Amino acid sequence: FVSGSDGRMQMINASGEVVLDTFPRAFYLASGDERYVVDGMYMPEKRDSSSIGMFHFDHGLMRVSRQIYDYYNPDEHVCTLDSLIYQDGKVFALPVGYTLCAYSDGMALLRRGSQYGYMDYTGRWVVEPELSVAEPFSEGLAVIGLRDGTKEMIDTSGRVVLRDDYSYISSCSSGVIVAYSVDSGWHIFNKMELSAE
């Protein structure tokens, strides 16, 4: 993906040919004032952990920032919605009423109200939206928070891989995880693969 000075995204191939143009399209927004708006996909406003899942395809999907502006007053920002798109530009159908918080390792972190859950790239709920705390996946693992304030770590199948009375668990980074328990202090874990035997 490349972007011009206006922030509008285009996907190019290795020859530099545009294969997906996200040029804004104009339409009437079905709202109380029926205003004419411009809808397009743009680079995210921030380049930090809040933009996890943008700029590359993961399991055939990429997270994009869909921004809607007033056609006659481009400085008036109507709304921003994060979406997942396929390589042909079609939008992945997220469940109605949920906000996309992150997308990584083929897992969409979704929020509804104060509850979080994970949906995979096929549209299947891996963890129902019943979590009070959830973080994006990193290296196939994600930290979740339980109602009692403790943390656990799950894999992309939703299976708990690190469980104890931890009040803090870091994201996996280069195969290393750090966790803290009030009772037993700090612990360092190395991510390991299970043998096929």
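See the structure printed just above.
Below is a summary of the structure that appears in this document. The residue count restarts for each chain, going from 1 along the sequence in the order it is written. Note on the predicted model: pLDDT of at least 70 is required for a residue's local features to be given, and 80 or more for side-chain atom pairs to be given and counted; whole-chain, interface and lining totals, by contrast, use all residues. Excluded from the side-chain calculations are hydrogens and water; all other atoms, namely the structure's heavy atoms, are used.

## A short note on the side chain of Ser-104
Reasoning step 1: Mapped onto the elements, Ser-104 comes out in strand β8 (residues 99-104).
Reasoning step 2: Residue contacts are defined here by distance: any two heavy atoms, one from each residue, within 4.5 Å place the two residues in contact. Excluding residues within four positions of it along the chain, Ser-104 makes contact with Ile-52, Asp-58, Pro-136 and Phe-137. In this description a helix means any DSSP run of H or I spanning at least four residues, a strand means any run of E spanning at least two, and both kinds are numbered starting from the N terminus.

## Topic: the environment of Asp-105
Reasoning step 1: Examined against the element boundaries, Asp-105 turns out to sit in the loop between β8 and β9 (107-112).
Reasoning step 2: With a 1.4 Å probe rolled over the protein chains alone, any residue whose accessible area is under 20% of its type maximum counts as buried; one over 50% counts as exposed, and the rest are partly exposed. Taking relative accessible area as the criterion, Asp-105 reaches 26% and is therefore assigned partly exposed.
Reasoning step 3: Between the C-alpha atom of Asp-105 and that of Gly-53, which follows or precedes it by 52 residues, the distance is 8.6 Å.
Reasoning step 4: Excluding its chain neighbours within four sequence positions, the residues that come into contact with Asp-105 are Asp-58, His-59, Phe-137, Ser-138, Glu-139, Gly-140, Leu-141 and Thr-156.
Reasoning step 5: Whenever two N or O atoms come within 3.5 Å, that pair is a polar contact, provided that in protein one can donate a hydrogen and the other can accept it, and provided that, for residues adjacent in sequence, both atoms are side-chain atoms. Reaching out from Asp-105, the side chain makes a polar contact with the backbone nitrogen of Glu-139 at a distance of 3.3 Å.

## Points about the pairing of strand β14 (residues 151-155)
Within a regular strand, the side chains alternate between the two sheet faces.
Reasoning step 1: Within β14, 5 of the 5 residues are buried, which leaves the element mostly enclosed by the surrounding structure.
Reasoning step 2: Residues Lys-151, Met-153 and Asp-155 point to one face of β14 and Glu-152 and Ile-154 to the other, with burial holding for every one of them.
Reasoning step 3: The pairing of strand β13 (residues 141-145) with β14 spans 5 bridges and is classified as antiparallel. Bridge pairing in β14 links Ile-144 to Glu-152.
Reasoning step 4: Any two strands with at least two DSSP-identified bridges between them are counted as paired. What sits between the antiparallel neighbours β13 and β14 is a turn of 5 residues, in which Gly-149 has the positive phi angle 95 degrees.
Reasoning step 5: Taking the residues that link successive antiparallel strands as the turn, the β14-strand β15 (residues 160-166) hairpin has 4 residues, and the phi of Gly-158 there is positive, at about 90 degrees.

## A few points about the sheet that holds β13
Reasoning step 1: On the basis of which strands lie adjacent, the open sheet formed by 4 strands has the order β12-β13-β14-β15 and antiparallel pairing. Whereas interior strands pair on both sides, the edge strands pair on one side only; in this sheet they are β12 (133-134) and β15.

## Things to note about the pairing of β8
Reasoning step 1: In this sheet, β9 lies alongside β8 in antiparallel orientation, the contact comprising 5 bridges. Along β9, the bridge assignment pairs Thr-99 with Arg-111.
Reasoning step 2: Where β8 folds back on β9, the antiparallel hairpin that results is connected by 2 residues, among which Asp-105 adopts a positive phi of roughly 55 degrees.

## Brief notes about the pattern of salt bridges
Opposite charge on two side chains allows them to pair when their charged atoms are near.
Reasoning step 1: We define a salt bridge as a side-chain nitrogen of Lys or Arg found within 4 Å of a carboxyl oxygen belonging to Asp or Glu. In this structure the tally under the stated criterion is 4 salt bridges.
Reasoning step 2: Asp-120 is the salt-bridge partner of Arg-124, the closest N and O atoms lying 3.3 Å from each other.
Reasoning step 3: Looking at Arg-124, the relative accessible area reads 45%, which means it is partly exposed.
Reasoning step 4: Look at Asp-120 and you get buried, because its relative accessible area is 8%.

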